[in-house]
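What follows is each chain in one-letter form.
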Amino acid sequence: MTEHPENTENASSESRINVDALVVGAGFSGLYMLHLLRDRLNLKVGLIEAAPSVGGTWYWNCYPGARCDIPSYHYSYSFSEELQQEWSWSEKYAAQPEILEYLNYVAKKFDLAKNITFNCRVLSAHFIEGPNRWHIKTDDGKQYEAKYFIPAVGTLSDANVPEIPGQQAFEGECYVTGRWPQEGVNFTNKRVAVIGTGATAVQVIPLIAKEADHLTVFQRTPAWAAPLQNKPLTEKDNEEIKENYSALRNQAWNSFGGVPFPNARASALAESQAQRAEHYESCWQEGGFSLWLGSYQDILFDEKANETAAEFVRAKIRERVEDPSIAEKLCPPEDVYYGAKRQPCETGYYEAFNRSNVTLVDVKQTPIQEITPTGLRTTRETYNFDVLIYATGFDAFTGALFRMDIRGRDGQRLKDQWAAGPRTLYGLATHGFPNMFTITGPQSPSVLFNMPLGIEMHCDWIADCIDYMEKNDVGSIEPDKAKEDEWIAHVKEVADTTLLPKASSWYSGANIPGKPQIFMVYLGGGPRYQEIIENSARNGYKGFLLE
Ligand code: NA7
């Protein structure tokens with residue numbers, strides 16, 4: 001947690017850098033927000049970025065195996081036809097270096113870097129009533145004054161490292177996947193340990209297994225991973241994609257999760273076992289999220305339907321893992337619903353456990369007691385290794401926001417206002433914090449909609465809102481508290497019709513000790529959500545208080 005800086009009011013107004021809008025973060029969302037506000041609205045915009053480069057999560061998560069899990073041609077901006085036509089993807093699911101290169105290309109094409117201050121963190125942002133301005137302090141000693149404050153800090157950007165006794169005393173190399181060294185890590189001849197078996201670990205484990213002398217994986221909950229089925233994209237593939245881009249984008253925008261799955265069927269339970277087996281197999285071969293989001297619509301709603309998909313995946317694990325006792329350890333138990341947490345996509349994950357240099361340790365059965373200077377001790381055994389890797393996820397949705405000392409009206413801290421869980425209207429804004437907007441924030445479709453498209457949807461809405469305010473001389477906007485209450489209740493009501501809140505996952509904050517457990521994603525689907533927020537805008541920002 002950042003030190004609380006002294007009062008922003010101390011600075012004289014002359015010493016503050018005046019901008020119309022201050023954006024935090026140069027990932028997918030911050031870059032597009034900057035482009036819209038500066039180039040479409042002609043506003044004076046500053047962007048503060050902690051890293052030395054653009055990229056956001058795609059800068060920090062440069063661990064081996066990091067790649068997107070929806071097709072690259074969907075996982076990209078749609079706002080510029082020229083950009084779409086210029087850029088070609090080398091793989092169906094691009095790896096981190098290529099996505100980072102793409103974001104650098106975007107920054108260069110739209111000349112964004114000149115408005116970005118790199119290697120700089122926002123310490124505090126305080127709303128000053130009366131002038132309706134945000135006073136923002138950064139760790140390079142500068143102070144900004146802005147009418148609009150837009151923390152585009154990402155939903156999965158604040159890496160979580162669990163507290164484990166003794167961890168400071170570890171004498172080997174220690175890495176966190178979400179803050180991976182840019183220069184890479186050499187595992188040759190090293191004994192390596194990975195804690196975690198979530199989506200990140202599933203990507204990193206097969207590659208480290210091939211390189212390290214020995215790899216020990218500490219698993220608390222097994223993952224329901226399905227094959228990514230990645231493949232290179234040829235020049236011809238890229239030509240076809242580019243020719244059909246408008247149709248592809250239309251399909252994406254009109255689908256529930258922002259990625260089309262045209263073969264999805266209504267009910268697993270309405271089909272015979274043979275029909276199901278055939279359909280699941282074809283989804284498994286199709287790869288990516290095909291099994292999760294493109295097989296049967298009821299598997300995320302109905303326990304019995306869910307079990308049919310779970311049983312299919314368990315059979316696959318047993319088929320691929322040679323040692324039956326290891327296969328059983330890798331099969332999630334019955335109370336862990338398939339896909340109630342984002343389904344990890346894998347390439348050779350299960351086969352990694354067939355290697356003689358890989359050991360799987362079940363730390364639910366034999367919990368980690370402490371990290372020692374040379375390794376780790378569970379209730380049963382001591383393990384020694386040279387490298388320790390935390391693939392232990394993120395403090396999702398709120399972690400990066402709370403790292404800044406954000407205060408709204410009456411000095412109210414965001415962290416206090418959200419002590420019982422995030423409070424937003426549409427995941428875009430929060431009562432008591434006027435002129436502050438969040439992008440793909442909690443209580444929006446967020447991580448369960450195609451991220452780049454969801455980001456565009458939000459940035460477009462925010463830019464239109466700011467344009468409206470500027471043209472109509474509106475000093476401030478914030479949600480009506482009663483409407484916020486209604487939206488929070490609605491998000492819960494929709495989520496409760498599904499199996500997702502029943503999982504212990506970062507969707508509900510369950511992965512962070514002490515975090516309030518509230519399901520944080522709006523599950524009504526992208527198209528329905530877009531209609532709701534556009535309807536509010538069309539009706540003079542219904543649900544918001546304008547001053
Ligand atoms: P996840 O999905 O939160 O996975 C984190 C993993 O770390 C998971 O297996 C956890 O087990 C494990 N974990 C966390 N704390 C501990 C402790 N204290 N001891 C043992 N194991 C622990 O994060 P990812 O980064 O893999 O994926 C997040 C998203 O990022 C992903 O969906 C993509 O969208 C990108 P648990 O399940 O809590 O028992």
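Residue numbers here run from 1 along each chain, matching the order of that chain's written sequence. Where totals are concerned, whole chains, interfaces and linings use all residues; where local detail is concerned, this predicted model gives features only for residues with pLDDT of at least 70, and gives and counts side-chain atom pairs only at 80 or more. The side-chain numbers reported here are obtained from all heavy atoms of the structure, hydrogens and water having been left aside.

**Quick word on the packing of helix H8 (residues 273-286) against helix H10 (residues 303-320)**
And step 1. Note on geometry: axes are lines fitted to C-alpha atoms, helical ones only across the stretch in contact, with angles between N-to-C directions running from 0 to 180 degrees. Working definition: helices are DSSP H or I runs of at least four residues, strands are E runs of at least two. Numbering for both runs from the N terminus. With their axes 11 Å apart at the nearest point, H8 and H10 run at an angle of 60 degrees to one another. In terms of their interaxial angle, H8 and H10 are classed as oblique. Considering the relative orientation of H8 and H10, their crossing is right-handed. Seen from H8, the contacting residues are Arg-276, Ala-277, Tyr-280, Glu-281 and Trp-284; seen from H10, they are Ala-305, Thr-308, Ala-309, Phe-312, Val-313, Lys-316 and Arg-320.
And step 2. In terms of residue class, the contact of H8 with H10 is made up of seven nonpolar, one polar and four charged. Put simply, angles under 35 degrees are roughly parallel, angles over 145 are roughly antiparallel, angles from 65 to 115 are roughly perpendicular, and the rest are oblique. When the near helix sits turned anticlockwise from the far one by under a right angle, the crossing is termed left-handed; a clockwise turn instead gives a right-handed crossing. For this analysis, residues touch if any pair of their heavy atoms sits within 4.5 Å. Gly counts as polar in this scheme, as do all residues outside two lists: the nonpolar Ala, Val, Leu, Ile, Met, Phe, Trp, Tyr, Cys and Pro, and the charged Asp, Glu, Lys and Arg.

**Regarding the side chain of Asp-395**
And step 1. Within the element layout of this structure, Asp-395 appears in the loop between strand S16 (387-390) and helix H13 (399-402).
And step 2. Among the polar contacts made by the side chain of Asp-395, one reaches the side chain of Lys-515 at a distance of 2.6 Å.
And step 3. When neighbours within four sequence positions are excluded, Asp-395 is seen to be in contact with Thr-155, Asp-158, Asn-160, Ala-400, Ile-512 and Lys-515. Throughout this description, a polar contact denotes any pair of N or O atoms lying within 3.5 Å of each other; where both atoms belong to protein, one of them has to be capable of donating a hydrogen while the other can accept it, and for residues adjacent in sequence the pair is counted only when both atoms sit in side chains.

**Quick look at the sheet that holds strand S5 (residues 133-138)**
And step 1. Strand pairing is assigned whenever DSSP identifies at least 2 bridges connecting the two strands. The mixed open sheet is built from seven strands, whose spatial order is S3-S2-S1-S6-S5-S4-S17. Whereas interior strands pair on both sides, the edge strands pair on one side only; in this sheet they are strand S3 (116-117) and strand S17 (405-407).
And step 2. Two elements, strand S4 (residues 122-128) and S5, share six bridges in a ladder whose sense is antiparallel. Looking at S5, one finds that His-126 is bridged to His-135.

**Topic: helix H6 (residues 235-243)**
And step 1. Those residues of H6 not exposed but buried are Asn-238, Ile-241 and Lys-242. Considered in projection along H6, the buried side chains sweep an arc of 95 degrees and stay on one side of the axis. Exposed residues lying more than 90 degrees from the buried face of H6 are Lys-236 and Glu-243.
And step 2. On its buried face, H6 is in contact with helix H3 (81-86) and helix H7 (245-253). The cut-offs for exposure are 20% and 50% of the maximum accessible area for each residue type, with area from a 1.4 Å probe on protein chains only; residues under the lower value are buried, those over the upper are exposed, and the others partly exposed. Starting at the helix axis, one direction is taken to each C-beta atom, and the arc is that of these directions.

**Let's talk about the domain arrangement of the protein**
And step 1. Note: domain ranges come from an automatic or database domain assignment. One can read the domain layout of the protein as domain 1 (13-158 + 396-542) and domain 2 (161-223 + 344-393).
And step 2. The centre of domain 1, based on its C-alpha atoms, is set 32 Å off from the matching centre of domain 2.
And step 3. Facing the ten residues of domain 1 at the interface are twelve residues of domain 2.
And step 4. A quick way to say it: buried area is the sum, across both parts, of accessible area lost when two parts are put together, with a 1.4 Å probe. Summing the contributions of domain 1 and of domain 2, the shared interface buries around 1100 Å²; its carbon and sulfur component is 55%.
And step 5. By definition here, a salt bridge exists when the distance from a side-chain nitrogen of Lys or Arg to a carboxyl oxygen of Asp or Glu is within 4 Å. For the pair domain 1 and domain 2, the number of links is zero salt bridges.
And step 6. Taken together, domain 1 and domain 2 are joined by four residue pairs in polar contact (both at pLDDT 80 or more).
And step 7. Residue composition of the side of domain 1 that touches domain 2, by class: six nonpolar, two polar and two charged.

**Some details on the confidence of the model for the protein**
And step 1. Per-residue confidence from the predictor is given as pLDDT, running between 0 and 100. For the protein, the average pLDDT comes to 97, and 98% of its residues sit at 70 or higher.
And step 2. Contacts from residues 1-8, a stretch scored under 50 in pLDDT, to residues over four places away or in other chains number 23 contacts.

**Describing unusual backbone geometry**
And step 1. The residue Asn-119 is not glycine, and still its phi comes out positive at about 55 degrees.
And step 2. The residue Asn-119 is located in the loop between S3 and S4 in this model.
And step 3. Of note, the phi angle at Gln-229 is positive, near 55 degrees, even though the residue is not glycine.
And step 4. Its location among the elements puts Gln-229 in the loop between strand S10 (226-227) and H6.

**Observations concerning the site of the ligand**
And step 1. Close contacts around the ligand come from 17 residues, with Thr-197, Ala-199, Thr-200, Arg-220 and Thr-221 the closest.
And step 2. Between the ligand and Thr-221, the relevant distance is 2.5 Å, taken from an oxygen atom to a side-chain nitrogen or oxygen of the residue.
And step 3. Contact between the ligand and Arg-342: an oxygen atom at 3.1 Å from a side-chain N or O atom of the residue.
And step 4. Its free accessible area being 780 Å², the ligand has 87% of it covered by the protein chains. When at least one non-hydrogen atom of a residue lies within 4 Å of a molecule or strand, that residue is treated as near it. Surface accessibility follows the Shrake-Rupley procedure with a 1.4 Å probe radius. Residue values consider only the protein chains on display as shielding.

**Description of helix H17 (residues 526-538)**
And step 1. To estimate the expected span of a helix, subtract one from its residue number and multiply by 1.5 Å. For H17, which comprises 13 residues, the first-to-last C-alpha distance of 18 Å matches the rise-based estimate of 18 Å (1.5 Å per residue) to within 8%.
And step 2. All of the buried residues in H17 are Gly-526, Tyr-529, Gln-530, Ile-533 and Ser-536. Angular distribution of buried residues about the axis of H17 spans 125 degrees; they occupy a single face of the element.
And step 3. Each element contacted by the buried residues of H17 is listed here: H7, helix H15 (451-471), helix H16 (481-495) and strand S19 (544-546).

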